[in-house]
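Results of the structural survey
Below, each chain spelled out in residue letters.
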Amino acid sequence: MVMKIGIIGSGISGLSIANLLKDKHDVQVFEKEQQPGGLIKCERVQDCLFHKVGGHVFNSKNEKVLNWFWGHFDKDSEFVKVKRNAKVFFNNSIIGYPIENYVYLMKPSLVKDITKELLELSKRPGKSPFEYENFELFLKGNFGQTLFDIYFQPYNYKIWKTDLGTISMEWLEGKLPMPDYAEILYSNIIRIEEEKMVHASFFYPKDGGSQFIVDRFKKELQIHSGAAVNVVTEMEGHLEVNGASFDKLIYCGDIRKLPAFCKSILAESDVDVAYLENLRSNGTSNLFCETDATDVSWLYIPESFTEAHRIIYTGNFSSSNNKGSKRTTCVVEFSGKVSYEKMLEESKKLPGNLKALACNYEPNSYVIQDNRTREEVGKAKKALEKRGIYLLGRFAEWEYYNMDKAIEAAFSLAEHFD
Ligand SMILES: Cc1cc2nc3c(=O)[nH]c(=O)nc-3n(C[C@H](O)[C@H](O)[C@H](O)COP(=O)(O)OP(=O)(O)OC[C@H]3O[C@@H](n4cnc5c(N)ncnc54)[C@H](O)[C@@H]3O)c2cc1C
């Protein structure tokens, strides 16, 4: 049966589900911003490509996602495959990543402590990540106190601005750094050049960054831009939004800001609406800069001499990103809201002779989960589904999705509409 389906939000989640459903159903997308894309949108500044949030690259371990994604693009002519070359800025120099493989570059007292702790840990019986009560205990239990103090704690605190002891393990599934003690020892003894190590790689559009993905995905869709959906009503079994009537709605916005009608459905069920409304997230501030040439893709900055926690060398992903510059370009990332003046000041402490071109603040970039989140969101999904409303995406499901995981979630949801 052909259904009329309204999709709220045109980030990668909304665009994916709309494309998955459009051939069988009558689909319309509502986007509150003028420009579709959500977190993955980009713009050109002085003819250089600015990822307004992060520096989005694509890859997936899921064959189904890959096949579907590449069905929309010509992988060879429209994308480049880039080697991930992550480094750490530590003690005023650039060292390899993961940092535990480069302990030999640290001062002898640290080397001594770290070696002793890692050796002790390697003798203990392995413990599954989920046997640890929280993220802090997991990091200490796997990497030792010294690496925790000099790297994991300061770096993660800069990002999350939250006590790592309160971060639940469930939330970090699939994203945990796991030490390989034999490899740590080997790398530190052999002092293997990073170039010779096996690296993960990723795909990146030749022209236009992740905006290229948005532009392709939106091509065959009916998208109403500048059309925030703030009110949903129910009329004779149909759901009405912005003057149009639908059989089903898919909400890809922020679960905390569900329209009142949806919240009233939740209030009638056993969902703790106040809990959902008070979920915590972190924003990010980005300073887009010109920089001196480097072959690094991501530079992690754990130490507290600067508030910046990462530089993403987006100009190295595709040379077309630097059209308007004689140098290359990068994005300096800060957690939370940081003023332009402050970011400029901080950029002077960083390597690369950075010259600012533009900045952006995104209030919602990282979701913060706790032990109750999945259960409450799960209950909310069930209650809304009974009334024809579905939640999908990073902020609607409050999941730490990357693009590929958001696409995977869209696949699962699409099965409801077969
Ligand atoms: C710093 C950073 C770096 C990242 N890097 C990568 C990476 O390299 N690779 C990767 O795969 N993933 C990366 N991610 C993750 C990726 O950004 C997300 O998985 C993805 O963009 C989430 O898409 P979404 O559609 O679920 O949400 P969003 O992108 O937030 O889209 C939601 C959309 O809904 C719209 N909307 C909300 N409410 C309403 C309403 N009431 N009415 C109408 N419209 C509404 C919003 O305007 C927005 O366009 C990164 C994330 C961050 C924060």
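Computed from a prediction, not measured in an experiment: that's the story for all the values here. All chains use their own residue numbering, which begins from 1 and follows the written sequence. Per-residue local features are limited, in this predicted model, to residues with pLDDT of at least 70; the limit for side-chain atom pairs, both in listing and counting, is 80 or more; totals at the level of whole chains, interfaces and linings are taken over all residues. Calculation of side-chain values draws on the structure's entire complement of heavy atoms; hydrogens and water are dropped beforehand.

Turning next to the overall build of the chain. A run of H or I in DSSP becomes a helix once it reaches four residues, and a run of E becomes a strand once it reaches two; helices and strands are each numbered from the N terminus. Tallying secondary structure elements over the chain gives 12 helices and 19 strands in all. The quantity called the radius of gyration is restricted to C-alpha atoms. Its globule counterpart is 2.2 Å times the number of residues to the power 0.38. Here the chain has a C-alpha radius of gyration of 23 Å; the compact-globule value for 418 residues is 22 Å, and the two agree. The C-alpha extent of the chain, read off along each of the three principal axes, is 75 × 50 × 40 Å. Burial status follows relative accessibility: with a 1.4 Å probe on protein chains alone, a residue under 20% of its type maximum counts as buried, one over 50% as exposed, and anything between as partly exposed. The buried share of the chain, taken over its 418 residues, is 55%. Residues count as neighbours in contact if any of their non-hydrogen atoms are within 4.5 Å of one another. Relative to all contacts within the chain whose residues are 6 or more apart in sequence, the contacts with residues 24 or more apart total 75%. Under the convention used here, Asp and Glu are negative, Lys and Arg are positive, and both His and the chain ends fall outside the count. All charge positions are set by atom: Lys at NZ, Arg at CZ, Asp at CG, Glu at CD. Once the 53 positive and 58 negative side-chain charges of the chain are each reduced to a mean point, those two points are 3 Å apart.

The next point concerns the pattern of salt bridges. Two side chains bearing opposite charge may form a pair once their charged atoms approach each other closely. What makes a salt bridge here is a side-chain nitrogen of Lys or Arg within 4 Å of a carboxyl oxygen of Asp or Glu, nothing more. The final tally for this structure, using the stated rule, is 27 salt bridges. Note that Lys22 is salt-bridged to Glu220, the shortest N-O span being 3.3 Å. Remark: Glu220 occurs in the loop between α7 (209-218) and β9 (223-224) and Lys22 occurs in the loop between α1 (12-21) and β2 (26-30); sequence separation between them is 198 residues. The partner of Lys140 in a salt bridge is Glu136, with the nearest N and O atoms 2.8 Å apart. Pair noted here: Lys140 and Glu136 are both in helix α5 (residues 135-160), with a separation of four residues, about one helical turn.

Neither face of strand β4 (residues 48-51) is open: one carries Cys48 and Phe50, the other Leu49 and His51, and all of them are buried. Two strands pair when backbone bridges link them, and strand β3 (residues 42-45) and β4 are joined in this way by four bridges, in the antiparallel orientation. Bridge assignment links Glu43 to a residue of β4, and that residue is Phe50. Remark: two residues form the turn of the hairpin made by β3 and β4, two consecutive strands paired antiparallel; Gln46 in that turn has positive phi of roughly 45°. Strands were regarded as paired on the criterion that DSSP finds at least two bridges between them.

Quick look at the layout of surface pockets now. Using protein atoms alone on a 1 Å grid, points that fit a 1.4 Å probe yet trap it form a cavity, whereas open point sets bounded by protein on both sides within 12 Å along at least five of seven lines form a pocket; residues with an atom within 4 Å of a point count as lining. Grid points are joined across faces, edges and corners, and a volume is the space filled by probe spheres set on the points. What the second largest pocket holds in volume is close to 260 Å³. Contributing to the lining of the second largest pocket are 13 residues, with Thr115, Leu118, Ile184, Leu185 and Asn188 lying nearest its centre. When residues of the lining of the second largest pocket are traced back to their parent elements, those giving at least two are α4 (108-123) and α6 (181-190). The element best represented in the lining of the second largest pocket is α4, accounting for six residues. Among the residues forming the lining of the second largest pocket, the class breakdown is nine nonpolar, three polar and one charged. We call Asp, Glu, Lys and Arg charged. Ala, Val, Leu, Ile, Met, Phe, Trp, Tyr, Cys and Pro are nonpolar, and the rest, Gly among them, are polar.

Within 6.5 Å between ring centres, the rings of Phe, Tyr and Trp (the latter by its six-membered ring) count as paired, and their orientation is classed by plane angle as stacked under 30 degrees, edge-to-face over 60, tilted in between. Scanning the entire structure with this criterion turns up 34 aromatic pairs. Note on Phe30 and Phe246: the rings are 5.8 Å apart at their centroids and 90° apart in plane angle, and the pair reads as edge-to-face. Within this pair, whereas Phe30 is found in strand β2, its partner Phe246 is found in strand β12 (residues 244-246), the two being separated by 216 residues in sequence. Side by side, Phe30 and Phe246 carry an identical accessibility label, which is buried. Taken together, the ring pairs connect Phe58, Trp68, Phe69, Trp70, Phe73, Phe79, Phe203, Phe212, Phe217 and Phe411 into an aromatic cluster. Directly above the aromatic system of Trp298 lies the positively charged group of Arg84, at a separation of 4.8 Å from the ring centroid. One cation-aromatic arrangement involves Arg394 over Tyr400; the distance from NZ or CZ to the ring centre is 5.4 Å. Placement of a charge over a ring requires the Lys NZ or Arg CZ to be within 6 Å of the ring centre, with the centre-to-atom vector within 35 degrees of the ring normal.

Whether parallel or antiparallel, the strands of a sheet pair through hydrogen bonds between backbone atoms. Strand order in the open sheet formed by three strands is β10-β11-β12, and the pairing between neighbours is antiparallel. Strand pairing shows two members of the sheet lacking a second neighbour, β10 (232-235) and β12, which therefore form its edges. Sheet twist, expressed as the mean angle between neighbouring strand axes with direction ignored, is 35°. In this sheet, strand β11 (residues 238-241) lies alongside β10 in antiparallel orientation, the contact comprising four bridges. By the bridge assignment for β11, Met235 is matched with His238. Axis definition: a line fitted to C-alpha atoms, limited for helices to the stretch in contact. Angles are taken between N-to-C directions and run from 0 to 180 degrees.

All right, on to helix α2 (residues 63-70) then. Turning to α2, its buried residues are Val65, Leu66, Trp68, Phe69 and Trp70. Check the buried side of α2 and you find it contacts α1, α3 (75-78), β5 (79-83), β8 (201-205), α7 and α12 (403-414). Capping the start of α2 is the job of one residue whose side-chain oxygen sits 2.8 Å from the backbone nitrogen of Lys64: Asn62. Here a polar contact is taken to be a pair of N or O atoms separated by no more than 3.5 Å, where protein atoms must pair a possible hydrogen donor with a possible acceptor and residues adjacent in sequence count only if both atoms sit in side chains.

As a further point, take the state of the cysteines. Covalent bonding between the sulfur atoms of two cysteines defines a disulfide. Throughout, a disulfide means two cysteine sulfur atoms within 2.5 Å of one another. Inspection of the entire model under this criterion finds zero disulfides. Free cysteine Cys42: the closest other cysteine sulfur is in Cys48, separated by 13 Å. Classification of Cys42 as buried rests on a relative accessible area of 5%. Between Cys330, a free cysteine, and Cys289, which holds the nearest cysteine sulfur, the sulfur-to-sulfur gap is 5.0 Å.

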